[in-house]
Amino acid sequence: MPERAEERPLGIFGGTFDPVHFGHLRLAEEAADSLALAGVRWIPAGQPALRGTPQVTARQRLAMVRLAIAENRSFEVDTAEVDAERPSYTVLTLERLRQTDHCGPRRPLVLLVGADAFAGLPDWHRWQALLDLAHIGVAHRPGFPIDITRLPGALADTYRDRFCTSSAVLTESPAGRIVSFAMTQLAISATQIRTLLTTGRSPRYLLPDEVIAYIRSQHLYPEY
Ligand code: ATP
Ligand code: MG
């Protein structure tokens, strides 16, 4: 049995954030509340392993995240994946966070993912090791119901074994449980925002004004 955890869990939220939007922000905010997290550590991917190279640079995606979370004292940003000039793998990031000069082995960590990302977990590098390193908190996302009968077989088995209905379990061990949480359902995606931007349409009210101003000033997406 893992040793009893010492502190409130820390949320770990990775993504491409191309660009960051209110779906991401509400996910982190509502996870912190529903799962009683001490805070959320945002980790923009440097070179996402499972998708094509984003249009904007990792530094620019990081800058947008910084702008979006600047006013929230429960949020912090982790630049390690952006700084490492190689593909980003969450399992390696969690191994780094488990080192004693970071969070150490005992602090509960909760990897936050939307339901779409969760269903794709078996494509992630060494995905089964993720639950040795962190809990997983799955956010409901419009269009992606959490349906065990549709999950890939090995993931469905893991879900069955590890799923708990109460988030109280997150403080009982450093890693190994799966919980889900409801969040305000926002059918916002970065893909939708990129489409709006590259076709000269307005993205207002889908993402923070500061991020929109940065996009404009840096001419990040052609046409906008
Ligand atoms: P893209 O369309 O480029 O894939 P995205 O909006 O899905 O962008 P990502 O950076 O891929 O954003 O997602 C980071 C994380 O945030 C993932 O775990 C994803 O499931 C989650 N997420 C993104 N948007 C939402 C949303 N509207 N509701 C719930 N979860 C979301
Ligand atoms: Mg996505």
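Right, let's walk through the structure included here. (Residues numbered from 1 in each chain as written. Chains lettered and ligands numbered in written order. Predicted model: local features only at pLDDT ≥ 70, side-chain atom pairs only at ≥ 80, totals over all residues. Heavy atoms only, no water.)

Within strand β6 (residues 109-114), six of the six residues are buried, which leaves the element mostly enclosed by the surrounding structure. The two faces of β6 match: Leu109, Leu111 and Val113 on one face and Val110, Leu112 and Gly114 on the other face are all buried. Bridge analysis of strand β1 (residues 10-15) against β6 gives three bridges, and the strand direction is parallel. In the strand pairing of β6, Gly11 is matched with Val110. Examined bridge by bridge, β6 and strand β7 (residues 135-139) share five bridges and lie parallel to one another. (Buried < 20%, exposed > 50% of the residue type's maximum accessible area, 1.4 Å probe, protein only. Helix = DSSP H or I, 4+ residues; strand = E, 2+ residues; numbered from the N terminus. Pairing = 2+ DSSP bridges.)

This part covers helix α9 (residues 209-218). Within α9, burial applies to Val211, Ile212, Tyr214 and Ile215. Each buried residue of α9 lies within a common arc of 160 degrees when the element is viewed along its axis, so the set occupies one face. Contacts from the buried residues of α9 go to α2 (58-69) and α8 (190-198). Following α9 by one or two positions, His219 has its phi on the positive side, about 50 degrees. (Arc of directions from axis to C-beta. Contact = heavy atoms within 4.5 Å.)

Here we take up the nonpolar core. In a soluble, globular protein the nonpolar side chains are often hidden away together inside. Counting 40 residues, the largest nonpolar core has Leu35, Val40, Trp42, Met64 and Leu112 as its most contacted members. If you list the elements that add at least two residues to this core, you get α1 (22-34), β2 (39-44), α2, β6, β8 (178-181), α8 and α9. Non-local contacts of Met64, meaning those with residues more than four positions away in its chain, are made with Phe17, Pro19, Val20, Val56, Val211, Tyr214, Ile215, Leu220 and Tyr221. Among the nonpolar cores identified, the runner-up in size contains 26 residues, and Cys103, Leu131, Ile136 and Tyr159 belong to it. (Core = buried A, V, L, I, M, F, W, Y, C linked by side-chain atoms within 4.5 Å.)

Taken together, 23 residues surround ligand 1, and among them His21, Arg51, Asp116, Ala190 and Thr191 come closest. Residue His21 places a side-chain N or O atom 2.8 Å away from an oxygen atom belonging to ligand 1. Ala190 is positioned with one of its backbone polar atoms (N or O) 2.8 Å from an oxygen atom of ligand 1. Residues of the shell around ligand 1, tallied by class, amount to nine nonpolar, 10 polar and four charged. (Near = heavy atom within 4 Å. Polar contact = N/O pair within 3.5 Å; in protein donor to acceptor, adjacent residues only side chain to side chain. Nonpolar A, V, L, I, M, F, W, Y, C, P; charged D, E, K, R; others polar.)

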